Amino acid sequence: MTIADNIQRVQETIAAACDRAGRDPSAVTLLAVSKTHPAEMVLQAVDAGLQHFGENRVEEAQDKIPAVNARSSLPVTWHMVGHIQSRKARDIPGLFQVVHSVDRLKLATKLSQLMADADEPLDVLLEVNVSGEASKSGLMAAGWSTDADVRSAVWQEVEQIAGLPGLRVRGLMTMAPIVTDMEATRPVFANLAALRAALVDSLGFALPDLSMGMTDDYPVAVEEGATIVRVGRAIFGPRE
Ligand SMILES: *Cc1c(COP(=O)(O)O)cnc(C)c1O
């Protein structure tokens, strides 16, 4: 199987999930997560029609992004999907157009300051931990629908981040727990979609994007409303 074959198969799977859910496939963006893979493989995916690529480590991106951009015939949009240490924040705006992993006010504030002189705001998604797993980063939102304290903490943090200049909050991102049966992820994705709806309702601004679903669970994520799926292995094969 070539990268182009893999992309076609993933796109067919997304279309089938949209069909089951009564959604328009054009409302779902396939974000190819190219971490650990060389620029050559990204360029093959560009040739196969993809525009959006994700990386999770700043060091790796500093080599790969300029290499791809210099050789790509079409513009590429780069998404940061991995955890960002505060001291690495300064490298983000020059490399990435979208950040999915804004998981704390401190990081958002730092990115906002770095964007002070930019013409265009940086598109960001707020990473949310809705499953409550201690190992996961993200704004801690487990129990938001029933626990008033959690709810008010999440609402406050989202409002504060949304008020920062230089950032455009596009929506929410989550990582589902690793499970053997992808159905087990459904409640997590449904929960993120419900949180988005509740935030939009009470805060009164749009949060158009839901970044959720990876190789093992993206069909379920699409059924539950994902607008961006982050797929690595199903496109580029296994990682070392
Ligand atoms: C690696 C990674 C992905 C893609 O994972 P696959 O299982 O290879 O599809 C998606 N999101 C994040 C945050 C990642 O780090």
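This write-up is about the structure you can find in this document. (Residues numbered from 1 in each chain as written. Predicted model: local features only at pLDDT ≥ 70, side-chain atom pairs only at ≥ 80, totals over all residues. Heavy atoms only, no water.)

1. Some thoughts on the overall build of the chain
Along its length, the chain carries nine helices and nine strands. Taking 18 Å as the expected radius of gyration for a compact globule of 240 residues, we find that the chain reaches 17 Å, a close match to that expectation. Dimensions of the chain, computed from the C-alpha atoms along their principal axes, are close to 50 × 45 × 30 Å. A total of 240 residues make up the chain; the buried ones form 50% of that total. Restricting the contact set of the chain to residue pairs at least 6 apart, pairs at least 24 apart contribute 60%. Of the charged side chains in the chain, 22 are positive and 31 negative; the average position of the first set lies 4 Å away from that of the second. (Helix = DSSP H or I, 4+ residues; strand = E, 2+ residues; numbered from the N terminus. Rg over C-alpha atoms; globule rule 2.2 N^0.38 Å. Buried < 20%, exposed > 50% of the residue type's maximum accessible area, 1.4 Å probe, protein only. Contact = heavy atoms within 4.5 Å. Lys, Arg positive; Asp, Glu negative; His and termini not counted. Charge placed at Lys NZ, Arg CZ, Asp CG, Glu CD.)

2. What about the side chain of Asp209?
Tracing the chain through its elements places Asp209 in strand β8 (residues 209-211). Given a relative accessible area of 15%, Asp209 falls into the buried group. There is a polar contact of 2.6 Å between the side chain of Asp209 and the side chain of Thr227. If we ignore the near neighbours within four places in the chain, the residues touching Asp209 are Leu125, Arg170, Gly171, Leu172, Arg196, Thr227 and Ile228. (Polar contact = N/O pair within 3.5 Å; in protein donor to acceptor, adjacent residues only side chain to side chain.)

3. Describing the site of the ligand
Inspection of the region around the ligand gives Val33, Lys35, Val81, Met175, Met214, Thr215, Arg230, Val231, Gly232, Arg233 and Arg239 as its neighbouring residues. One nitrogen or oxygen atom from the side chain of Arg230 is found 2.9 Å from a nitrogen atom belonging to the ligand. At a separation of 2.8 Å, an oxygen atom of the ligand approaches a polar backbone atom of Gly232. Contact with the protein chains removes 95% of the 390 Å² of surface that the ligand exposes when unbound. (Near = heavy atom within 4 Å. Areas by Shrake-Rupley, 256 points an atom, 1.4 Å probe, with all protein chains shown as cover.)

4. Some points on a positive patch on the surface
Positive charge collects at one region of the surface, where Arg87, Arg90, Lys106 and Lys110 lie side by side. Mapping Arg90 onto the fold places it in the loop between β3 (77-80) and α4 (92-95). A residue is classified by how much of its surface remains accessible, and Arg90, at 59% relative accessible area, is exposed. (Patch = residues over 30% accessible without salt bridge, like charges linked within 9 Å, V, L, I, M, F, W, Y side chains within 5 Å. Salt bridge = Lys/Arg side-chain N within 4 Å of Asp/Glu carboxyl O.)

5. Things to note about the nonpolar core
If you look at the biggest cluster of nonpolar residues, it comprises 73 residues, and the most contacted ones within it are Ile14, Leu30, Phe53, Leu195, Val229 and Ile235. When residues in this core are grouped by element, the largest group, eight residues, is from helix α7 (residues 186-203). With residues up to four places along the chain from it excluded, the contact list for Leu195 reads Val128, Val130, Ala141, Trp144, Trp155 and Leu172. (Core = buried A, V, L, I, M, F, W, Y, C linked by side-chain atoms within 4.5 Å.)

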